[in-house]
Each structure stands twice: as structure tokens, then as C-alpha cells.
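Chain residues, written in single-letter form:
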Amino acid sequence: MSARRKDLVPRRFRTWFASRGWSARPHQLAMLEKAAQRRSTLLIAPTGAGKTLAGFLPSLAALDHADAPDDLHTLYISPLKALATDVQRNLMIPVAEMGLNVTIETRTGDTPQSKKQRQRLRPPQMLLTTPEQLALMISHEDAHHTFRGLKRIVLDELHSLAASKRGDLLALGLARLRALAPDLAITGLSATVARPTELRAYVEAQRDASNTIHLGDLVEVRGGAAPEITILETDEPLPWASHTTKYAMPAVYEILKSARLALLFVNTRSQAELVFQELWRLNEDHLPIALHHGSLDVAQRRKVEAAMAAGKLKAVVATSTLDLGIDWGDVDLVINIGAPKGASRLIQRVGRANHRLDEPSRAILVPSNRFEVLECRAALEAAADGAQDAVQSRTGALDVLAQHVWGRACAGPFKADDLFTEVTTAAPYASLKREAFDRTIQFVSTGGYALKAYDRFARLRETDDGRLRLAHPRLAQPYRMNVGTIIEAPMIKVRVARPRRSSTGKATFAGGRVLGELEEWFIEQLSPGDTFAFAGEVFRFEALIDTDAFVSRSAAKEPKIPTYQGGKFPLSTHLAERVRAMIAAPDRAKRLPVPVAEWLDLQAKRSTVPQPEEMLVETFPRADKHFMVVYPFEGRLVHQTLAMLLTRRLDRIGGKPLGFVCNDYSLAIWGLGDLNALASSGRLNMSKLFDQDMLGDDLEAWLAETSLMKRTFRYCAVIAGLIERRHPGKEKSGRQITVSSDLIYDVLRKHEPNHILLEAAWADCATGLLDIARLGDFLRRIAGPGLAGPGLNGTGKIRHMMLDYVSPLSIPVLLEMGRESVYGGGAREDILRAAADELLREANG
């Protein structure tokens, strides 16, 4: 077998390997064999194992002969434009050194239109692109010409695509390509997979309706050096609730001095700005430190990437924009600021350091507060165990299907029966019911029952032979201008102002250099003269004119930090289980830093420490209010939904709730009603309060009166094409989109409550914004036989402690109250520290 595999490697390839002192690795030979057998395959390999080369080697070998066709042979699809560009750069090295006559090009949103048109008519042999560009390419009438010779598709970092709507769009695109090129084989590449079966189904066509899951082959690389991960401990006091991690920055800065190139990962763009500002303040040695996140101008990001690759930087502060597998120069250290929120995300980030399979990657975790110490410890233990927690399987979204149907019509007339058969070969849509498909077709055709009277929503018409076509050829352009599933909040360009004086003496501003974009809602809350940190500098806000925010540089010491809707990762279920077990462990003092162990021991004395299968609820008075603190350890999304539903129930029994706050570990509700008295009288019953029926009428009633469903519907309407973001020559503002979608939402709820977009919006809320599925699992987990114990009121697996004082465990979540109104800088840290000291004194009696 080994000799036969080696024979699959062309002579010049073996010579090139030998010239570098290499030899083809077993998994690379296995991928050559799978390609020869025309087998779709998932390759799971750690960073440094030559995963990308393994994906491309079969294509290069197949094209290594004089009579290789000029047709498009291999399509490489990545989640990032930068990844496609970087792969092309690295791929050209072996191609040039081996003298291969292979044409390789990229196609992204930055590619000139003239080149895109040429690529459709005369494609290269290998094309590197993104899911959105694939959707555009298959929407043209000449798609059959472009893809007629396609033999292979390589899906890089597949785990990052498959679990999202981008993955749904890509899966539908792959289904179309299988119809255009039946001899197609698909290769998926991934480094972090919790359940390989999910991605094996993604790369294989689901061919029948027998509920049988068809799987691609699997090649998995075992071994490699285990990563060296540590948790930073400093002499500075460990914060109770701060998320800035400012206390650790002096220690982090000292570590950077001895690194060749360090990547500092954070979880949000706001935190990236904060960390960069603090490091720059400490930077007496003038270390070359850069900033990289998705809101910065693309030119600025490319400069940073080029400097990294050239070895000109000492450190880069980055968000998930650098999570994925680009080989950024000589990175020897990863520092994760804050808790990683998931074992798979940690392993992915650690893999950015030291791209060599036989040498360990080095990483340091820097917790922001005491609860994050527990989470970092849980993540470190999960990494040591090789545990993964990234779930990929999902049910395909109907709004994405509607977009695909529209795009399919742009390519020419089709029969609904044929399209249904094609769509259900895609793994996310394998279980799609014909009734849901027909309703989607009806929506794209007319807008649905409630909207069919409006011609602007009619996009499809039936031909005499029963096929469906575009209602008018001009409808292809809006599709192509609005394709994709990434819906960001309305953005405002941030420009460095060039002030001018008009003839009346009034100050005006001319367009200066674009720094990047910020969300519209953040800019709108600024007044002229306000300062904020962005792109690694501090700016003074001057004016908002149309969609441009004009700013000037400032030396202010206490700037605001831009905040962004979304962007926070929830605590994974896997890490939540480990954190619960860690808190309950009797030997925790041996495993945790002294301040954290002492904190938990004080909690055990003043209240109780919950067991892993329990949920603790504490009620106590403070000042002139009464508090309920709940510790589910299920992540911020679940806690927000749970808190919203609990406040409705508490209001009905006289709890008079006034508000709530959440973090990833707990939630706190405060109000005017005496909760201890209500519990003593029997009116507050924990079993009834947390009954699973809260996901019925209470949830529906709350959704009916909140703006959350309207916002979710707005996103679905944009993806499905009901609301168009972009028109020739202009782009709708956020306010215009909101008004349009809210009006349509109200009409559909009243006249067509089963509309597919309402269904899609509910599915998004259930799985994403509200995480109802995880909340339901949690409510089922805490239901069961009652608990008993001295001084405890046990109901089910809920341990209720009625206290006369604040508990030590409640301090972090109580500090969340009003935290958002306190901006960055020393004042913020001082305020939180003083509040924590006061709460601790209360907890100590």
C-alpha cells in the first residue's frame, strides 16, 4: 500500500520534496489515493501537518502533464478573502520551484470586475475564492461553461463555515456544482472537529430520502507535539468583574519583550482597542505592536499582515480575524486575553504559534476576572484531554434557501421538482420537507400570500412548460448586489477630518483618509468634542455628515471605547460543565490561584457551593432593593433569555422586578418585592418559577412585545432578498431598512403568521440570539428529585439559599450593574475596585 501510494507522487514532486529535506507524509499520500479513487474526503490535521498542501497536492499532480485541460479543475473555497490571497502566495512557491505550468488565480470582493468577467469565460485551472463569490458565479447563465470541467473542490477551515448561514449558502452552491459537474469530488480541511461525522456528511451528496446519512471518507492525522499552555498569574489583585484585563498588561508587556512575534487574541473589537491602547501606553521600548480587527480599513489590515509575514512586528493584537490558518511569519507565542469561551477555539488559536507538527505551540491564557480563572483552567484541561466542543450540524435556514432560489433563477429557468431534488443533496437541507420548499418558492415568486398584491415582491414567473424564470431580467442585478448572509449593523465610515470654512464662515469638512467603520448606533450617541479610541489611536468626534464620521486626532486620556452589537462568544456547554465540576471539587484550593480558592471557600461558609448537577439560587436584600442571583453557568445568551422570562414570572407573584444583568456564569434580578418573604409564604416556588413551561406562553408573549423578533426578522428579510440593502448607485441606511422591515413584519404577523421569514426569524432566535434549545436542555437538567440539607430549601435540583446579605459568589454579577456606562481608563478600574471592596465587606458581614 505504501509503495503504491508513493507512486502517486509525480517524479518532479518527489525531487522537490527531497531538495527541501522533506518527504510526503502519510496523510498527504492518503489524500492522493482518495483523489485517484474520486472519493470526497474530510482531512483532520493539526496545524503544522501540511494540511493545505495535502489538499492541493492531488490537483497539482493531476495538472502535471502537457495535455492537462485549460478548464477550471480545482475550486478552493475559504472563509476569508485574506486566506485565499495568502494561500495563493504560498502555493506559487512550490509551483514556481517545480516549474509547473498551472494557472492559479484568486477571486474575492476586491477582484476587479473585468477580471471576474474574464474568469467566467476563461477560468484558470485553479481558482481560490469565497462562498459569496461562488454564489455569484453560479448565478450566471454561463455557469455550465465555467464549471464544465471541474474535478475537485477544496474547502479550507470547513469547521468555521459549516455551523453558520454561510455554510448553508456554500452547501447549496456545492449542490449546484454537483449538478453541473457530476464527476466532482470534495475535500474538506479542518484542524478542530468535535464530531467528524457532521463534516463528513457536509462533503458528501445526500442522495436519497431514506433518512440514511451519506458520509465522505475520513483521513485523520494523529500525534504531534502537545501544546504548552499556561495561565498567567501576577502579583496584581485579581479583578472581580472587569473585562479590560488592564491589571495584567504590565506582565503581558514584559512577556512580549522576549517573544519573536506574539499574537494577542481577544474576543471583541472593543477589547482589542482597549488592550492595544494599554500596551501602547506601556511601550517605553518602542516595540513594533500592531492592531488587527474587522472594523479597520482593509488597506490597514493588509499592511499589518504584510508586516507580520515580513517579520517586522513584535506583537499583534487581534480578534478572530486572525483565528484561521494563515501562516503569519514566525509566530512563537499566542496570548489569549480573557477566557477563550470554548475548547475548540482555544486549540485553533494556539495553533497559530509554531507551524511545525513535531514542536509544541506555546500559549498563555490571561483571565480578566475571577470567574474567568475557572474558565481558563477548564479550557486548559480540555486542551490537555484533546476535547473539542465546536458543533457543526445545523438545519439549513429558509431565508438562505430563498436567496439561493433567486440566484438559481438568475442562471436560467428551472423546474421546481429538479431544484428540490438538487437542494436536498446538501447536508443542511437533506431533511427539508417539500411543503417548506414549496412555501419558499412561493415566497420568492410573489412575496407570499400577504404580499402578493405588490409587484415589487414578485421575482419569479411560470413559463408555458411549467418552469420558473425571473419575472424580469433586471432582477438579476439586485440579487448580485445583495448576495451573502453576513448582515452587519449599519456602518459609518470614520475619516480623518480636513476642516474648511464655507463662504458664510461655517466650518465644513472634506473627505480625508478612511480609518475603517464603526456601527451607526455608536456614532449617533456621540456629541462633537467627544473622544474615542479607534484603530490604535484616540480621536475627537467632529461631525456626522451623511454616512461619514469626521474625526481629528486627540491626546485625551479617558476616551470612550467603541462597542459593537453582537461579537461576544458565549461560554460553550462543554466548558460550562467543567467549570461547574471545578467549583464543586473539594481539592480546588490545590488547583486554583489563592485569591480564587479563598473566594470559593468564603462562599461555602457564607452561603453554599453548588454541586455539578445543581443550580444555586440566592435571594437577599441590599440597600432598598431585593435581589435574586441565579448561577446556571450556561452562557450569556441563555442567561439573558432566562432573566427576561423570570422577570415576567416574578412580576406576576409580586416580586416587582426593576431590572437584570447577566454574565456567562450567572444572572441577577433586582426589584422592590421581598423575595425571601415571598418564598417563606410559598408564593415564590422555585420549581414552578423554573418550570419548562416558561418556553411556551411566557416566551411567546415576551417575543410579541420585544424588538428582538423585529430585528431578527430584519436580518432574515435582507438575506432572503425581501429588503435590499444595495441598489445601483446607493445603499440604504440602517433607518430605512428598519422602517421597511418593521412595517412588513407587522403585516405578516397579522395576515400571514406562518410566513417562511417569520419561521426563519424564530429559528434564528431559538438557535442563536436566544439559544432556546440550550435553555430547554438546562431546564430539563435542573428538574428532578428534591435536594435536602441543613438550612436549605431544595426544590428539584435547585438549591435556594435565603440570605440576609450579599454572597461572595454574587459579587461579579452585581458589579455588572451600570458597568456599560463606565468607559475605559483608570477611572473605570478604580470604580469597579471600590464597588467590589464594598460588596466584599457586606459578604463578610
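Residues numbered from 1 in each chain as written. Predicted model: local features only at pLDDT ≥ 70, side-chain atom pairs only at ≥ 80, totals over all residues. Heavy atoms only, no water.

Engineer: What exactly am I supposed to notice about the overall build of the protein here?
Structural biologist: Across its full length, the protein carries 34 helices and 30 strands. Within the protein, the proportion of its 845 residues that are buried is 57%. Long-range contacts, defined as pairs at least 24 residues apart, comprise 73% of the intrachain contacts of the protein with a sequence gap of at least 6. Carbon and sulfur atoms make up 50% of the accessible area of the protein, which totals about 34,800 Å². (Helix = DSSP H or I, 4+ residues; strand = E, 2+ residues; numbered from the N terminus. Buried < 20%, exposed > 50% of the residue type's maximum accessible area, 1.4 Å probe, protein only. Contact = heavy atoms within 4.5 Å. Areas by Shrake-Rupley, 256 points an atom, 1.4 Å probe, with all protein chains shown as cover.)

Engineer: Quick question: what am I supposed to make of the pairing of strand β13 (residues 362–366) here?
Structural biologist: Look at any regular strand and the pattern is simple: side chains alternate between the two faces of the sheet. Most of β13 sits out of view: 4 of its 5 residues are buried. When strand β8 (residues 228–231) meets β13, the two strands line up parallel, connected through 4 bridges. Paired with Glu-228 across the strands is Arg-362, a residue of β13. (Pairing = 2+ DSSP bridges.)

Engineer: When you look at the sheet that holds strand β3 (residues 104–106) in this model, what are you seeing that I'm missing?
Structural biologist: Two pairing modes exist for strands in a sheet, parallel and antiparallel, and in both the strands are linked by backbone hydrogen bonds. With parallel pairing, 7 strands are arranged side by side in an open sheet as β3-β4-β2-β5-β6-β1-β7. The two strands at the open ends of the sheet, each matched to only one other strand, are β3 and β7 (217–220). Across the sheet, the mean angle separating the axes of adjacent strands is 15° when strand polarity is ignored. Strand direction decides the pairing type here: β3 and strand β4 (residues 126–129), joined by 3 bridges, are parallel. Note on β4: the bridge partner recorded for Thr-106 is Leu-128. Against the sheet, helix α3 (residues 26–36) makes contact with β1 (41–44), β5 (152–155), β6 (185–190) and β7, and its axis sits at roughly 165° relative to β7, the strand it touches most. (Axes fitted to C-alpha atoms, helices over the stretch in contact; angles between N-to-C directions.)

Engineer: I keep staring at the packing of helix α17 (residues 398–410) against helix α18 (residues 416–423) and nothing clicks. Help me out?
Structural biologist: Packed helices, taken two at a time, are described by the angle their axes make and the gap between the axes. Across the interface, α17 lies against α18 with an axial gap of 12 Å and an inter-helix angle of 130°. When the interaxial angle is binned, α17 and α18 end up oblique. Helix-helix and strand crossings are classified by hand; for α17 and α18 the assignment is right-handed. Where α17 abuts α18, its residues Leu-401, His-404, Val-405 and Arg-408 lie against Leu-419, Glu-422 and Val-423. The class makeup of the residues in the contact of α17 with α18 is 4 nonpolar, 1 polar and 2 charged. (Parallel < 35°, antiparallel > 145°, perpendicular 65-115°, else oblique. Left-handed = near helix turned anticlockwise from the far one by under 90°. Nonpolar A, V, L, I, M, F, W, Y, C, P; charged D, E, K, R; others polar.)

Engineer: Looking at this structure, I do not really get the nonpolar core. What am I missing?
Structural biologist: Of all hydrophobic cores here, the largest spans 118 residues; its most connected members are Leu-75, Phe-147, Ile-153, Leu-177, Phe-690 and Phe-713. Setting aside residues up to four positions removed in sequence, Ile-153 forms contacts with Leu-75, Ile-77, Leu-174, Leu-177, Leu-184, Ala-185, Ile-186 and Thr-187. Trp-240, Leu-256, Ala-363 and Trp-670 belong to the second-largest nonpolar core, a separate cluster that totals 108 residues. (Core = buried A, V, L, I, M, F, W, Y, C linked by side-chain atoms within 4.5 Å.)

Engineer: It is not clear to me how the confidence of the model for the protein should be interpreted in this structure. Could you clarify?
Structural biologist: In low-pLDDT segments, the atomic positions of the prediction should not be examined closely. Mean pLDDT over the protein: 84, with 87% of residues reaching 70 or higher. For the protein, strand β29 (residues 793–795) is the element with the lowest average pLDDT, namely 50, and α17 is the one with the highest, namely 97. In the predicted structure, residues 786–794 sits below a pLDDT of 50 and forms 14 contacts with residues beyond four places in sequence or in another chain. A low-confidence stretch, residues 820–825 (pLDDT under 50), is modelled with 14 contacts involving residues beyond four sequence positions or located in other chains. (pLDDT = per-residue confidence, 0-100.)

Engineer: Is there a simple way to think about the side chain of Glu-614 in this case?
Structural biologist: Within the element layout of this structure, Glu-614 appears in the loop between α24 (594–606) and β23 (615–622). In terms of polar contacts, Glu-614 uses its side chain to reach the side chain of Arg-799, at 2.9 Å. (Polar contact = N/O pair within 3.5 Å; in protein donor to acceptor, adjacent residues only side chain to side chain.)

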